[in-house]
Amino acid sequence: MGILDITNSYAGWLTLWLEPLGEDRWLRPGETFRIRSDYDGEERDFVVDFWVDDEDRAAGIANVTVSIERGNPDAEVTDDNGGLVECGHQRPPEIDQKWAKAREKWERRATP
């Protein structure tokens, strides 16, 4: 079993993106989430990529993408207490609103 801990040492939000499923989980400063994959082989299970864009940085958000390279892509994510952390965990309401508007705009363009 592969295990990877992600800790937010940033002063703002850290968005954990889990790929290839495109799931997001949001960590407050000082929080740690643990990712567990079911892969038990010799090759690497995870690839980690830390990234920031200008808009996110201005909003106090940093990003880390963890790509599941082997095994079931539906990895288990837990908090410091072992509680399950689902997609969208702690996502700020303003982000939900922003994404909903973007989705509506895209759907209007995609509809003939």
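Reading the values: the criteria
Residues numbered from 1 in each chain as written. Predicted model: local features only at pLDDT ≥ 70, side-chain atom pairs only at ≥ 80, totals over all residues. Heavy atoms only, no water. Pairing = 2+ DSSP bridges. Helix = DSSP H or I, 4+ residues; strand = E, 2+ residues; numbered from the N terminus. Axes fitted to C-alpha atoms, helices over the stretch in contact; angles between N-to-C directions.

Draft legend 1. Local environment of the sheet that holds strand β1 (residues 2-7). Pairing is antiparallel in the open sheet, where three strands are placed in the order β1-β4-β7. Single-partner strands in this sheet number two, and they are β1 and β7 (76-78). When the angles between neighbouring strand axes are averaged without regard to direction, this sheet yields 20°. The pairing of β1 with strand β4 (residues 32-37) spans six bridges and is classified as antiparallel. Counted as the bridge partner of L4 is I35 from β4.

Draft legend 2. Quick look at the sheet that holds strand β3 (residues 23-27). Strands sit in the order β3-β2-β6-β5 across an open sheet of four strands; the sheet is mixed. The sheet is open, and its two borders are formed by β3 and β5 (46-51), each paired with just one other strand. Neighbour-to-neighbour, the strand axes of the sheet open up by a mean angle of 20°, direction not taken into account. The sheet contact formed by β5 and strand β6 (residues 61-68) spans six bridges and is antiparallel. Bridge pairing in β6 links D49 to T65.

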